[in-house]
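A structural walkthrough
What follows is each chain in one-letter form.
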Amino acid sequence: MDAAVTQDDGKMQKSTNKPNFVPETNEDPASESGHDETHHDFVLDFVQKELGGDLKSLKNVAELLEKVRAEKEMLEEQVLSASSASPLKVSAALDAAEEAQATMTSLLKRQAVLSEGLDQHLQEAEPWVDELCQNIDHVDTMERSMRYMQCLQHIEELSDRIQQCLMTNSVWEAIKSVAKMATLDAGLQASSCCHLQGYLRATLRFWHKIIKDRLASDFEELLTLLHWPSISPPMQPLAPPANAQEISSQLDLLVSQLMALQTSDDLISEKALTTLPGVPQAPPLSLPVQVMVLPLTKRFRYHFTGNRTTNSLGKPEWYLTQILMWMGNNSAFMDDRIQPILDRTEANVNARVELCRGLLSLAQEKLTHDLPRLLYDDTLFCHLVDEVLQFEKELRSTHSYPAALPGLLHIPLEDATLQKWLTVERKMALEKVDSMLSGEGAWSCQYRDISDVDELKAPDCAETFMTLLLVITDRYRALPCSRAQLKFLDLQRELVDDFRIRLTQVMKEESRSPLSPRYSAILNAANYISTVLADWADNVFFLQLQQAVVSLGEVEAEGGRPVLGPMEAGRLASLEGSLFESLLALLDRLRGDMIGRLLDTVMKDVREKAQLYRQDRWLSLPSQCDQATMSLSSSACPMMLCVRDHLLTLQQRLCGPLFQMAWQGLADRLNSFLYQDVVLYNHFNEGGAAQLQFDMTRNLFPLFGHYCKRPENFFKHVKEACIVLSLSIGSALLLRDLLREALEGRVSLDRERPGGAAEGVAGTGGPSPEQALNELGVYRLAPGDVLILLNLRASWPGQ
């Protein structure tokens, strides 16, 4: 029966794995044998699973065979239904593909026919296209020629109209025609017709010059009647002429007509405008002012050019003062006569500023000519710079010359001139420093007898040096270029560092006697310079320079030349740092080093005077109850006198901030010395502890009480040691036992629990040693230190 089941199952597998519509393939015999083995194993597993190993279950074989046959029939029906539906879908897809292919073939044939017809048509039309392009080019050329001729005709018409207007004395109409010609000239700027542009510009220049000369001639005659220019300040008001009303009307007419010519004048002078080296480009001077400046220009060139005695390189103040005088003498005329006319013409022009610009151009031309001749003479160059700075200051303040317009300071900012200026400033400053440091009163203070004034007690050399830097600042403050200002700032920082090095050298010479007045003067000088630089760092001008440093650093960093590190740039931009930060750090280091040496010398003297006090008989001193009154220990008198004398000397010689640093440093060192070398060095009985406390609280501490309200806060170790040594016997015993138990408890707990901390006294819940010490007023000393002090007491029960 097993064989029958196996045979039927094998047939079932073959019929299942080979549907009717799938064609058979020629498989390899080895592959077929492998499939048979797999099917055989599957059947065995299936029978084993359904029937198991019980022989009684073989009666269920017939039922199992029927079940398997039913499943086989169901699967065959499914396969037959799928195989009948698939050919319909496949044939529909093939039909659609064939139809699409036929359509594509038809389209390709039509495209080929159209392409062939189009190529033939293009070949036939090519001669027509060439002929049409030639005709279009010819028409375009004719149109451009017509426009060219129309433009020439328009120029000729405008020229004829101007001529007719001038012949009939219709100046306004002529000016309007010139304005139209100027507009046409501006419109042809983008044209490639260079000959037409040249012809139009020449025609415009011709008529503009004729009209301008006629108006300028009439204007000059009218100005003469009005007593222009005023060479010197008028002593008394001039009587008005008889035809004042007519002159005023004529003045109004001429100024208005000249202003109407301004557009064409600007256009003509655009290419001919020459800019002096170092002077920024400014708008052209208005025509009325050009005419008004002519007589002053003639006078200026007569006196300050050529071989005239007034043309002296060593006297630049002559021509600069003359320019300022002319500005002042004629400003009233510009305000009263010219400005109202300009306002009526709606011209945005300030008459006084225009006069200053016209006269300033004379000074610029003269300065540009003289500067190269003075680069090799330091004295004359310095004098010229001083006069230019003074001129610029008066120009901006007295005559209200706008800061946006260039003055004279742009000219010395050329590379060669600016480098010369910096070199001369450095040379003069170093010579001044050498001179003042070698003077007899270099280290004395001129305000030493006036306590209200002499708060910083700066020596003369330091005050003179900072005054020198302030003068340099005032000189370059008005420069219009931040890059040039930063170069002068670098010079100032270089000079400060040089002066610091000189102070260090002099300090080293005086370091053998730090208590000398000169050593204190050097210390005051370093502090004074540091204080002034710190004030400058918060000044608006230097804050603006600080922002300029950041801006220029970012610009140069974009060009591949980073001048500031990211940290430094960030500190400057956020105002956390300053331009003098590195110098202030060096000066603070010098100041701290000098104060340290000074205090070392003072402490050396104090230690020598305190030897007897250190070796006093603290174990055998009588108790306080055995003495009528407590008094200072005789062995402490030399030390107290030494401390007092040094404090008075330092107060007299050092300025307030330095003296505060000095006495606080001295107090700290005295505190350490007395605690280490006096308290911990000796043993004390009850009288010795009381005497030590009296010496400290009633004698030493009051010496520093002149400078603070609670001097004992600067002697915490000594004060707390006196408290511990002066405890009563009972309090001292309780405190000693508490500290010993706490220390022993902590040691045992640390051994049992590494890293653990004991609470209270050995975990008993009592007060901690710190709490007990705080109740006594001991905050600085550690429990171990207090236990050492208690062991220094000589009067214990049983001893």
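What counts and how
- Residues numbered from 1 in each chain as written.
- Predicted model: local features only at pLDDT ≥ 70, side-chain atom pairs only at ≥ 80, totals over all residues.
- Heavy atoms only, no water.
- Helix = DSSP H or I, 4+ residues; strand = E, 2+ residues; numbered from the N terminus.
- Buried < 20%, exposed > 50% of the residue type's maximum accessible area, 1.4 Å probe, protein only.
- Contact = heavy atoms within 4.5 Å.
- Areas by Shrake-Rupley, 256 points an atom, 1.4 Å probe, with all protein chains shown as cover.
- Axes fitted to C-alpha atoms, helices over the stretch in contact; angles between N-to-C directions.
- Parallel < 35°, antiparallel > 145°, perpendicular 65-115°, else oblique.
- Core = buried A, V, L, I, M, F, W, Y, C linked by side-chain atoms within 4.5 Å.
- Phe/Tyr/Trp six-rings, centres within 6.5 Å; stacked < 30°, edge-to-face > 60°.
- Lys NZ or Arg CZ within 6 Å of the ring centre and 35° of its normal.
- Left-handed = near helix turned anticlockwise from the far one by under 90°.
- Nonpolar A, V, L, I, M, F, W, Y, C, P; charged D, E, K, R; others polar.
- Salt bridge = Lys/Arg side-chain N within 4 Å of Asp/Glu carboxyl O.
- pLDDT = per-residue confidence, 0-100.
- Polar contact = N/O pair within 3.5 Å; in protein donor to acceptor, adjacent residues only side chain to side chain.
- Expected span 1.5 Å × (residues − 1).
- Bend = angle between axes of the 7 residues up to and from the residue.

1. Some words on the overall build of the protein
Broken down by element type, the protein carries 26 helices and zero strands. Taken over 799 residues, the protein has a buried fraction of 39%. Taking as baseline every contact in the protein between residues at least 6 positions apart, the subset at least 24 positions apart corresponds to 75%. In the form shown here, the protein has an accessible surface area of approximately 45900 Å², with 54% of it arising from carbon and sulfur atoms.

2. Topic: the packing of helix α13 (residues 460-477) against helix α14 (residues 482-510)
The N-to-C vectors of α13 and α14 enclose an angle of 170 degrees; their axes lie 10 Å apart at closest approach. Between α13 and α14, the interaxial angle falls into the category roughly antiparallel. When α13 is examined against α14, the residues Cys461, Ala462, Phe465, Leu469, Ile472, Thr473, Tyr476 and Arg477 are found in contact with a partner set consisting of Gln485, Phe488, Leu489, Gln492, Leu495, Val496 and Phe499.

3. Brief notes about unusual backbone geometry
Here Trp228 and Pro229 are connected by a cis peptide whose omega angle stands at -5 degrees. Along the chain, Pro229 falls in the loop between α5 (194-225) and α6 (244-260). One non-glycine residue with positive phi stands out, namely Asn169, at about 65 degrees. By the secondary structure assignment, Asn169 is in the loop between α3 (61-167) and α4 (171-187). Positive phi, normally seen in glycine, also occurs at Glu346, with a value near 60 degrees. Within the secondary structure, Glu346 is located in the loop between α9 (316-344) and α10 (351-374).

4. Points about the nonpolar core
In this structure, Trp443, Phe465, Leu533, Phe580, Met696, Leu700 and Phe704 are the most contacted members of the largest nonpolar core, which totals 201 residues. Discounting chain neighbours no more than four positions away, the residues touching Leu533 are Met466, Val496, Phe580, Leu583, Leu584 and Leu587.

5. A closer look at the packing of aromatic side chains
Applying the stated rule across the entire model yields 21 aromatic pairs. Relative to Tyr319, the ring of Phe300 has its centre 6.2 Å away and its plane inclined at 90 degrees; by these criteria the two rings are edge-to-face. Taken as a pair, Phe300 in helix α8 (residues 287-304) and Tyr319 in helix α9 lie far apart in primary sequence, 19 residues in all. Taking 5.1 Å as the distance between ring centres and 90 degrees as the angle between the ring planes, the aromatic pair formed by Tyr613 and Trp618 counts as edge-to-face. By relative accessible area, which is 0% here, Tyr613 ends up buried. The rings of Trp421, Tyr476, Phe488, Trp536, Phe541, Phe542 and Phe580 are connected pair by pair, giving a single aromatic cluster. If you follow Arg614 out to its NZ or CZ, it ends over the ring of Tyr681, 3.8 Å from the centre.

6. Here's the deal with the environment of Val778
Note on placement: Val778 falls in the loop between α25 (769-776) and α26 (783-791). Taking the relative accessible area as the measure of exposure, Val778 reaches 1% and is therefore buried. C-alpha separation for the pair Val778 and Lys719, spaced 59 residues apart in sequence, amounts to 8.7 Å. In this view, Val778 contacts Glu720, Ile723, Val724, Leu773 and Val786; residues no more than four positions away in its chain are not counted.

7. Quick word on the packing of α13 against helix α15 (residues 517-537)
With their axes 9 Å apart at the nearest point, α13 and α15 run at an angle of 25 degrees to one another. Judged by the inter-axis angle, α13 sits roughly parallel to α15. The interaxial crossing formed by α13 with α15 has right-handed handedness. The segment α13 lies against α15, with Ala462, Glu463, Phe465, Met466, Leu469, Leu470 and Thr473 engaging Ala525, Tyr528, Ile529, Val532, Leu533 and Trp536. Classifying every residue of the contact of α13 with α15 gives eleven nonpolar, one polar and one charged.

8. With respect to the pattern of salt bridges
In this structure the tally under the stated criterion is 31 salt bridges. The shortest N-O distance in the salt bridge between Arg644 and Asp645 comes to 3.0 Å. On the basis of relative accessible area, Arg644 is assigned to the partly exposed category, the value being 38%. Given a relative accessible area of 36%, Asp645 falls into the partly exposed group. In this structure, Glu712 and Arg710 form a salt bridge, with 3.4 Å as the shortest nitrogen-oxygen distance.

9. Side note on the confidence of the model for the protein
Per-residue confidence for the protein gives a mean pLDDT of 84, with 83% of residues at or over 70. A low-confidence stretch, residues 271-276 stays under pLDDT 50, and its non-local contacts, those more than four residues away or across chains, total eight contacts. Contacts from residues 755-764, a stretch scored under 50 in pLDDT, to residues over four places away or in other chains number 16 contacts.

10. Points about the side chain of Ser256
With respect to the helices and strands, the residue Ser256 is situated in helix α6. Dropping the residues within four chain positions of it, Ser256 is found in contact with Trp172, Ile341 and Thr345.

11. A look at the environment of Arg205
By secondary structure assignment, the location of Arg205 is in helix α5. Looking at Arg205, the relative accessible area reads 38%, which means it is partly exposed. Sequence spacing of Arg205 and Ile268 is 63 residues, and the spatial spacing of their C-alpha atoms is 6.7 Å.

12. Re the environment of Pro233
Inspection of the secondary structure assignment puts Pro233 in the loop between α5 and α6. When its relative accessible area of 45% is taken as the criterion, Pro233 is described as partly exposed.

13. Re the side chain of Gln691
Take Gln691: it is sitting in helix α22 (residues 686-704). Judged by its relative accessible area of 7%, Gln691 falls in the buried class. A polar contact is formed between the side chain of Gln691 and the side chain of Asp695, at a distance of 2.8 Å. Non-local contacts of Gln691, meaning those with residues more than four positions away in its chain, are made with Trp618, Leu621, Gln627, Met630, Ser631, Leu632 and Ser633.

14. Some points on α22
Taking 1.5 Å per residue as the helical rise, α22 with its 19 residues ought to reach 27 Å, and the 27 Å between its terminal C-alpha atoms agrees with that figure. Met696 marks where α22 bends most, by close to 30 degrees. You can read the cap of α22 off the contacts: a side-chain oxygen lies 3.3 Å from the backbone nitrogen of Gly687, and it is on Asn685.

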